[in-house]
Amino acid sequence: MARITASVYTSHVPAIGAALDAGKTHEPYWQRVFQGYDFSKQWLKEHTPDVIFLVFNDHATAFSLDMIPTFAIGTAEEFKVADEGWGPRPVPKVIGHPQLASHIAQSVIQQDFDLTIVNKMDVDHGLTVPLSLMTGQPKAWPCPVIPFAVNVVQYPIPSGRRCLNLGKAIRKAVESYDDDLNVQIWGTGGMSHQLQGPRAGLINSEFDQAFLDRMIADPEGLAAMPHIDYVREAGSEGIELVMWLIARGAMGDLAGGPAPKVVHRFYTVPASNTAVGHLIMEESGDFAAPAYGAARQQVAPSSTD
Ligand code: DHB
Ligand code: FE
């Protein structure tokens, strides 16, 4: 049986990707941001899953006003890095996991969440920047990734409650997959930021820190927060935070298990126009399932073979 073993939450600021690609990580401005992920890179090396289910939003790159799926699951063998206007980022292509993705689509749709099946999609900074923050500059991403795109760009967008419930359905889907896979779920986007209009540049640290607190201790209450509160308090693009609730909903405490262990929390202001927030939660108790990672590492061929 496959298991969700941990969840990761992080902002996806495009300028972070550009700073990394241009070798600016040691400049004081960027060093402050990247040092918050030093722990995370080491943690991911020690807890490399078999698959990452990565919840992100497309920024009118793969989709446009021509077609606006609310929830779209990437079922392809691989996904190209998108050209967002300056050429594709010099990062590895994304290898998918069509078998698990198709299984999750089947299960989640049977649980009454209507997903769009995407067999071809270029992935933008919403997906590649979180991978870069968590891995640095690898030749290949550490494992297959299932991209899961959420519409947070064009209203109507899904509610926090729907996102949390979708996370619960994804957990059930993963647990009904026969193979022993160690799966992490990542929720990305946010934190407070507004890129347009008279309030452009808005950042609200008090809101962001309270959001991080509630992600940990009160996800059900947080799921009741209406869109207008995100927009008023966290800015028009702060609404990206609603995606974090999908990853949070997949953690075992919401299915009757013990509270997850928060192993890392980081917050800094600003990066570009955005507040950067980051959490890592591991499943605890019976849900921790470290054996899956160990099994995977034992069967992986050694590089010296
Ligand atoms: C910025 C943040 C985003 O989330 C995004 O999608 C684009 C730009 C920014 O802070 O510049
Ligand atoms: Fe964004």
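Residues numbered from 1 in each chain as written. Chains lettered and ligands numbered in written order. Predicted model: local features only at pLDDT ≥ 70, side-chain atom pairs only at ≥ 80, totals over all residues. Heavy atoms only, no water.

### Considerations on the overall build of the protein
What the protein contains, in helices and strands, is 11 helices and 10 strands. Across its three principal directions, the C-alpha atoms of the protein cover 55 × 45 × 40 Å. When the 305 residues of the protein are sorted by exposure, 56% land in the buried category. Of all intrachain contacts in the protein linking residues separated by at least 6 positions in sequence, the fraction that spans at least 24 positions is 82%. Taken as a whole, the protein presents about 12700 Å² of accessible surface, with 53% of it coming from carbon and sulfur. Charged side chains of the protein number 22 positive and 33 negative; the gap between the two group centres comes to 3 Å. (Helix = DSSP H or I, 4+ residues; strand = E, 2+ residues; numbered from the N terminus. Buried < 20%, exposed > 50% of the residue type's maximum accessible area, 1.4 Å probe, protein only. Contact = heavy atoms within 4.5 Å. Areas by Shrake-Rupley, 256 points an atom, 1.4 Å probe, with all protein chains shown as cover. Lys, Arg positive; Asp, Glu negative; His and termini not counted. Charge placed at Lys NZ, Arg CZ, Asp CG, Glu CD.)

### Some words on the site of ligand 1
Near ligand 1, the surroundings consist of His-12, Val-13, Pro-14, His-59, His-125, His-193, Leu-195, Glu-240, Ser-272, Asn-273 and Thr-274. Between ligand 1 and the protein, one listed contact pairs an oxygen atom with a side-chain N or O atom of His-193 at 2.8 Å. Measuring from an oxygen atom of ligand 1, one finds a side-chain N or O atom of Asn-273 at 2.9 Å. About the coverage of ligand 1: the protein hides 88% of its 300 Å² of free accessible area. Of the residues contributing to the shell around ligand 1, the split by class is 3 nonpolar, 7 polar and 1 charged. (Near = heavy atom within 4 Å. Polar contact = N/O pair within 3.5 Å; in protein donor to acceptor, adjacent residues only side chain to side chain. Nonpolar A, V, L, I, M, F, W, Y, C, P; charged D, E, K, R; others polar.)

### Concerning the pattern of salt bridges
For the coordinates displayed, the defined rule picks out 12 salt bridges. One salt bridge connects Arg-214 with Asp-218, and the closest N-O pair in it is separated by 3.2 Å. Using a relative accessible area of 30% as the deciding quantity, one classes Arg-214 as partly exposed. Arg-232 serves as the salt-bridge partner of Glu-233, at 3.5 Å between the closest nitrogen and oxygen. Glu-233 gets classed as partly exposed once you look at its relative accessible area, which sits at 31%. (Salt bridge = Lys/Arg side-chain N within 4 Å of Asp/Glu carboxyl O.)

### Focus: the coordination of the iron ion (ligand 2)
Distances from the iron ion (ligand 2) to its protein donors, His-12 (NE2), His-59 (NE2) and Glu-240 (OE), fall at 2.1 to 2.2 Å. When the donor residues of the iron ion (ligand 2) are listed from N- to C-terminus, their spacing reads H-x46-H-x180-E. Of this pair, His-12 sits in the loop between β1 (3-10) and α1 (14-21) while Glu-240 sits in the loop between α9 (227-234) and α10 (244-249); the two residues are 228 residues apart in sequence, bridging distant segments of the chain. Residue His-12 is classed as buried on the basis of its relative accessible area of 3%. (Donors = N, O, S within 2.8 Å, 3.2 Å for Na, K, Ca; no water.)

### Considering the sheet that holds strand β6 (residues 116-118)
Strand order in this open sheet of 8 strands is β6-β3-β7-β2-β8-β1-β10-β9, and the pairing throughout is mixed. Because the sheet does not close on itself, it has two edges, and the strands there are β6 and β9 (261-271). Between one strand and the next, the sheet's axes are offset by a mean angle of 20 degrees, whatever the strand orientation. As paired strands, strand β3 (residues 71-74) and β6 are joined by 3 bridges and run parallel to one another. Residue pairing across strands places Gly-74 opposite Val-118, the latter belonging to β6. Seen against the sheet, helix α4 (residues 98-110) touches β2 (51-56), β3, β6, β7 (145-150) and β8 (182-188) and runs at an angle of roughly 150 degrees to β3. Where helix α7 (residues 205-217) meets the sheet, its contacts fall on β1, β9 and β10 (274-282), and the angle it forms with β9 comes to roughly 165 degrees. (Pairing = 2+ DSSP bridges. Axes fitted to C-alpha atoms, helices over the stretch in contact; angles between N-to-C directions.)

### So, the packing of aromatic side chains
Under the defined criterion, the tally for this structure stands at 9 aromatic pairs. Geometrically, the ring pair formed by Trp-30 and Phe-34 is tilted, given 6.4 Å between the ring centres and 50 degrees between the ring planes. Taken together, the positions of Trp-30 and Phe-34, both in helix α2 (residues 28-34) and 4 residues apart, correspond to about one turn of that helix. Residue Trp-30 shares its accessibility class with Phe-34, and that shared class is buried. Grouped by ring-pair contacts, the aromatic residues Tyr-9, Phe-207, Phe-211, Tyr-230 and Trp-244 constitute a single cluster. (Phe/Tyr/Trp six-rings, centres within 6.5 Å; stacked < 30°, edge-to-face > 60°.)

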